[in-house]
Amino acid sequence: MDWRKRITVDPLVCHGKACIKGTRVMASVILDNLAGGIATEEILKSYPSLNPEDIKAAISYAAELAGERQISLTQ
């Protein structure tokens with residue numbers, strides 16, 4: 001999936017955070033919900049402007065970001 005077709009960054013929308021195009025729903029909100037164990041169906045009910053492809057785009061966006069950074073696991 002090419003997440004760039006569904007996710008945009010605009011400095012005038014949500015302080016420049018990555019959002020689903022045409023909405024003010026940030027990709028991070030979708031990812032936080034998924035990480036919290038909330039089912040896709042529940043997310044879609046909570047954010048009716050979204051569709052399943054938007055959730056997949058947020059996951060693809062996160063996967064690409066994770067591949068670009070290295071985080072130290074030692075403290």
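The shown structure was predicted, so the numbers you read here are calculated from the model rather than taken from an experiment.

J.: Would you mind going over the overall build of the chain with me for this structure?
T.: Of regular secondary structure, the chain possesses 3 helices and 2 strands. Taken from the N to the C terminus, the helices and strands of the chain come in the order β-β-α-α-α. With respect to the three principal axes, the spread of C-alpha positions in the chain is 40 × 30 × 25 Å. Residues counted as buried form 25% of the 75 residues belonging to the chain. Restricting the contact set of the chain to residue pairs at least 6 apart, pairs at least 24 apart contribute 39%. A gap of 3 Å separates the mean positions of the 9 positive and 9 negative side-chain charges of the chain.

J.: Even after reading the chapter, I still don't get unusual backbone geometry, so can you show me in this structure?
T.: In most cases, non-glycine residues show a negative phi, while peptide bonds are predominantly trans. Here the phi dihedral of C14 falls at roughly 50°; this positive angle occurs in a residue that is not glycine. In this fold, C14 is placed in the loop between β1 (7-8) and β2 (19-20). Overall, the relative accessible area of 16% leaves C14 in the buried class. Phi is positive for H15, close to 60°, though the residue is something other than glycine. Summarising the element assignment, H15 is placed in the loop between β1 and β2. Here H15 falls in the exposed class, since its relative accessible area comes to 77%.

Conventions adopted
Residues numbered from 1 in each chain as written. Predicted model: local features only at pLDDT ≥ 70, side-chain atom pairs only at ≥ 80, totals over all residues. Heavy atoms only, no water. Helix = DSSP H or I, 4+ residues; strand = E, 2+ residues; numbered from the N terminus. Buried < 20%, exposed > 50% of the residue type's maximum accessible area, 1.4 Å probe, protein only. Contact = heavy atoms within 4.5 Å. Lys, Arg positive; Asp, Glu negative; His and termini not counted. Charge placed at Lys NZ, Arg CZ, Asp CG, Glu CD.

Everything listed is a geometric property; what it means functionally is a separate question.
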